[in-house]
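Descriptive analysis of the structure
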Amino acid sequence: MSGLIRLITLYAIGLLFGIGIMLSGMANPAKVLNFFDVAGTWDPSLIFVMGGALITTLIGYRFVLPRSESAATPFFDTRFHLPTNRSIDAKLVGGSAVFGVGWGLAGFCPGGALPALGTGVPAVYIFTAALIAGLLVARFLAHRPFMRQPSGRAA
Amino acid sequence: MGTMTIITPFTPWASLAGGILIGLASVLLMRSLGRIMGATGILSGFLMPSSREDWAWRAALLAGMATAPVVMMIATGSMPAVQVPVSTAMLLVGGFLVGLGVFFGGGCTSGHGVCGMARLSPRSFVATLTFMIATGVTVFVVRHVVGG
């Protein structure tokens, strides 16, 4: 029973996130690309998305994140799973730069595309298939000896 | 690589409201499961789960995300807009680079840009600044150098 409540809660959180994404315009490549096109058809709307999301999370995390070890636990888990990797290296900067190039070409980011799958627009499926291919190829490359270094995932 | 430009209206209120909902969902995921609301991490773990338990919550979260447009369609009578001003080739190349990049960069707009920055993580500040610049430069090149 508690397993079912957990899944229903997570479904509701996903729905909330998805409605936020769809309402904000983050899942609309035309709007995303126009945000970055300052020299052309600029649409500054996305500043409000980033601002609203960041300020809400910044305030919310202050109440939710543990202040000390073993202070509190999440509702459905015994501990918080926070990223431990602190290294600012070529992998972080290079990976983020490659992500940016891809985002600039396609206009979709992962958080925008996943909720947009529900619209049934074929372009979302094309993008998501290529995204998954990229993730799998990256994982394959990361397991090759020359890439094997300690690394962690931030998100 | 064909592109066209679609003019989109400035929607500060809808975008702000959407942003606040994204933030609320991120806070609720941290409170309920102790996890970062990063689309990249959630998707990777869904595709390559570490256990059945681990897969189930990711599947529930993703199902919630993907049904959002349908729920909005029922509530408002119209599907939210997804306008794609780029070619299929750009979707494919772009999508592949996004997958590659977020794997090595350890996150995307939601993970680094919202959750990581909200945790005041220096890593996420560097990542976010990097991808925002790279995206801006790419859009400029595509629209005003190649397509100009």
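Residues numbered from 1 in each chain as written. Chains lettered and ligands numbered in written order. Predicted model: local features only at pLDDT ≥ 70, side-chain atom pairs only at ≥ 80, totals over all residues. Heavy atoms only, no water.

**Side note on the overall build of chain B**
When helices and strands are counted, chain B shows six helices and zero strands. In chain B, the order of α-helices and β-strands from amino to carboxyl end is α-α-α-α-α-α. Dimensions of chain B along its principal axes, counting C-alpha atoms only, are 50 × 40 × 30 Å. Per-residue burial for chain B yields a buried fraction of 57% across its 148 residues. For chain B, the exposed surface amounts to about 5900 Å²; the carbon and sulfur share of it is 73%. (Helix = DSSP H or I, 4+ residues; strand = E, 2+ residues; numbered from the N terminus. Buried < 20%, exposed > 50% of the residue type's maximum accessible area, 1.4 Å probe, protein only. Areas by Shrake-Rupley, 256 points an atom, 1.4 Å probe, with all protein chains shown as cover.)

**Notes on the pattern of salt bridges**
Counted by the stated rule, this structure contains five salt bridges over all chains. For A:Arg6, the salt bridge is made with B:Glu53, and the minimal N-O distance between the two is 3.9 Å. Linking A:Arg6 in helix α1 (residues 2-24) with B:Glu53 in helix α3 (residues 52-76), this pair reaches from one chain into another. Residue classification places B:Glu53 among the exposed residues on the basis of a relative accessible area of 55%. Salt bridges linked by common partners bring B:Arg35, B:Asp54 and B:Arg58 together as one network. (Salt bridge = Lys/Arg side-chain N within 4 Å of Asp/Glu carboxyl O.)

**Re the interface of chain A and chain B**
Residue-level contacts link 107 residues of chain A with 112 residues of chain B. Across the contact surface, chain A and chain B share two salt bridges. Counting residues per element, the ones that place at least two in the side of chain A that touches chain B are α1, α2 (29-36), α3 (45-64), α4 (90-106), α5 (110-116) and α6 (122-142) of chain A. Residue composition of the side of chain A that touches chain B, grouped by class: 69 nonpolar, 27 polar and 11 charged. (Contact = heavy atoms within 4.5 Å. Nonpolar A, V, L, I, M, F, W, Y, C, P; charged D, E, K, R; others polar.)

**Observations concerning the environment of A:Leu135**
Its place among the elements puts A:Leu135 in helix α6. Under the relative-accessibility criterion, A:Leu135 is labelled buried at 1%. Apart from residues no more than four positions distant in its own chain, A:Leu135 is found in contact with B:Leu43, B:Ser44, B:Leu47, B:Gly99, B:Leu100, B:Val102 and B:Phe103.

**Things to note about the domain arrangement of chain B**
Residue and element names in this part refer to chain B. Structurally, chain B comprises domain 1 (11-81) and domain 2 (83-148). Computed from C-alpha coordinates alone, the two centres of domain 1 and domain 2 are separated by 19 Å. Of the residues lining the interface, seven residues belong to domain 1; the matching set on domain 2 comes to nine residues. Looking only at domain 1, the three residues that lose the most surface to domain 2 are Ile36, Thr40 and Ala81, adding up to 57% of its buried area. The interface formed by domain 1 and domain 2 holds zero salt bridges in total. Here domain 1 and domain 2 share one residue pair in polar contact (both at pLDDT 80 or more) between them. Classifying every residue of the side of domain 1 that touches domain 2 by side-chain character gives four nonpolar, three polar and no charged. (Domains from an automatic or database assignment. Buried area = accessible area lost by both parts, 1.4 Å probe. Polar contact = N/O pair within 3.5 Å; in protein donor to acceptor, adjacent residues only side chain to side chain.)

**Focus on unusual backbone geometry**
All names here are of chain B. Its identity as a non-glycine residue notwithstanding, Leu120 has a phi of 55 degrees, on the positive side. As for its placement among the helices and strands, Leu120 is situated in the loop between α5 (109-118) and α6 (122-146). The class of Leu120 is exposed, set by a relative accessible area of 55%.

**Here's the deal with the packing of aromatic side chains**
By the definition in use, this model includes nine aromatic pairs over all chains. Ring geometry for A:Phe35 against A:Phe36: centres 5.1 Å apart, planes inclined by 75 degrees, an arrangement best described as edge-to-face. Feature note: the residues A:Phe35, A:Phe36, A:Phe99, A:Trp103 and B:Phe131 constitute an aromatic cluster, connected by ring pairs. Lying across the ring of A:Phe75, B:Arg31 places its NZ or CZ 4.0 Å from the centre. (Phe/Tyr/Trp six-rings, centres within 6.5 Å; stacked < 30°, edge-to-face > 60°. Lys NZ or Arg CZ within 6 Å of the ring centre and 35° of its normal.)

**Looking at the side chain of B:Thr135**
Structurally, the position occupied by B:Thr135 is in helix α6. B:Thr135 gets classed as buried once you look at its relative accessible area, which sits at 0%. The residues touching B:Thr135, leaving out its near neighbours within four places in the chain, are A:Phe36, A:Gly100, A:Trp103 and A:Gly104.

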